[in-house]
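# Descriptive analysis of the structure
The lines below spell out each chain.
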Amino acid sequence: MDIVVALFGQGRMLGPGQMALRAIVVSLVALVLIRVAGRRAFGQRSPFDYVVGILLGAILSRSVVGASPFVATVAASFAIALLHRAIGWACVRSRRLERLPVGVEREVYRNGRFDDAQMRAALLTPTDIRESVRQALGATDLSDVDAAILERNGHVSIVRRSRCRRP
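These notes cover the structure that comes with them. Predicted model only: the values in this text are computed from it and were never measured.

The next point concerns the overall build of the protein. Along its length, the protein carries 8 helices and 4 strands. Each helix and strand of the protein, placed in order from N terminus to C terminus, yields the pattern α-α-α-α-α-α-β-β-α-α-β-β. Taken over C-alpha atoms, the radius of gyration comes to 23 Å for the protein, far larger than the 15 Å a tight globule of 167 residues would show. Dimensions of the protein along its principal axes, counting C-alpha atoms only, are 80 × 35 × 35 Å. Looking at the protein residue by residue over its 167 residues, the buried ones come to 29%. Pairs at least 24 apart in sequence give 50% of the contacts found in the protein among residues at least 6 apart. Roughly 11100 Å² of accessible area belongs to the protein as shown, and the carbon and sulfur atoms make up 60% of that amount.

Set out below in C-alpha cells:
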C-alpha cells in the first residue's frame, strides 16, 4: 500500500510525477469509459452526449489533481457511462423517449419558404440558414435549395433541389 501512495500520492499534496502518473491512468480509464458508453457518446454530439462528456471530464479531472478520492471519481464516471448506455439502449426501443435526451429534427425551410414557427423554436434566423447554404453548396442564394433541416445535433443539413435531366 505504501508503494501506491508513493506513486500516486494522497489528497491534494501531489508532486509533478504523481500528477503525471494519475493523468496517464485517468486517460486509460477514460478510454475504457468511452468503450463502455459506446461510440454514440462522442460521435453523435447531441446535447445529451455533450452533457456526458462534460461530466466525465469534470469528474475525472478531480482525480488527477487529487481534489476527490481516485476510486470514487472513477466509480462515479463509470456510473455516468453506464447511465448513458442505458438511456441510449432505451431510446433505441422508444421513439417517444428518444425525443427527451436527443431532441427532434426541425424542417426550417422548404420550397422557397422559411417555417417561422420552427425557426423561432430552433432560435435560428434566415441568416443562419444562408450561412449553411454557403458552407454546404457554395451558393449565395437559396434557389438550389429544396429544404433546410436543423438536425438533432445542431447541424443544419441542406437538401439540394433535384434537377430534371433532359436527354
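A separate point is the sheet that holds strand β3 (residues 145–150). The strand order across the open sheet formed by 4 strands is β2-β1-β3-β4, and the pairing between neighbours is antiparallel. Taken across any chain shown, the strands that pair with only one partner, and hence form the sheet edges, are β2 (113–114) and β4 (156–160). Alignment of β3 against β4, held across 5 bridges, turns out to be antiparallel. By the bridge assignment for β4, Ala148 is matched with Ile158. Packed onto the sheet, helix α8 (residues 126–137) meets β1 (106–110), β2, β3 and β4 and runs at close to 65 degrees relative to β4.

Our focus in this paragraph is helix α2 (residues 16–37). Between its first and last C-alpha atoms α2 spans 31 Å; for 22 residues at 1.5 Å apiece the expected length is 32 Å, and the two agree. Taken together, the buried positions of α2 are Gln18, Arg22, Val26, Val29, Leu33 and Ala37. Buried residues along α2 cover an arc of 80 degrees about the axis, so they all sit on one side. With respect to the buried face of α2, the exposed residues turned more than 90 degrees away are Pro16, Ile24, Leu28, Leu31 and Arg35.

Helix length check: helix α5 (residues 70–93) (24 residues) gives 35 Å between terminal C-alpha atoms against 34 Å at 1.5 Å per residue, within 8%. Residues Thr73, Val74, Ser77, Ile80, Ala81, His84 and Cys91 constitute the buried set of α5.

Criteria and cut-off values
Residues numbered from 1 in each chain as written. Predicted model: local features only at pLDDT ≥ 70, side-chain atom pairs only at ≥ 80, totals over all residues. Heavy atoms only, no water. Helix = DSSP H or I, 4+ residues; strand = E, 2+ residues; numbered from the N terminus. Rg over C-alpha atoms; globule rule 2.2 N^0.38 Å. Buried < 20%, exposed > 50% of the residue type's maximum accessible area, 1.4 Å probe, protein only. Contact = heavy atoms within 4.5 Å. Areas by Shrake-Rupley, 256 points an atom, 1.4 Å probe, with all protein chains shown as cover. Pairing = 2+ DSSP bridges. Axes fitted to C-alpha atoms, helices over the stretch in contact; angles between N-to-C directions. Expected span 1.5 Å × (residues − 1). Arc of directions from axis to C-beta.

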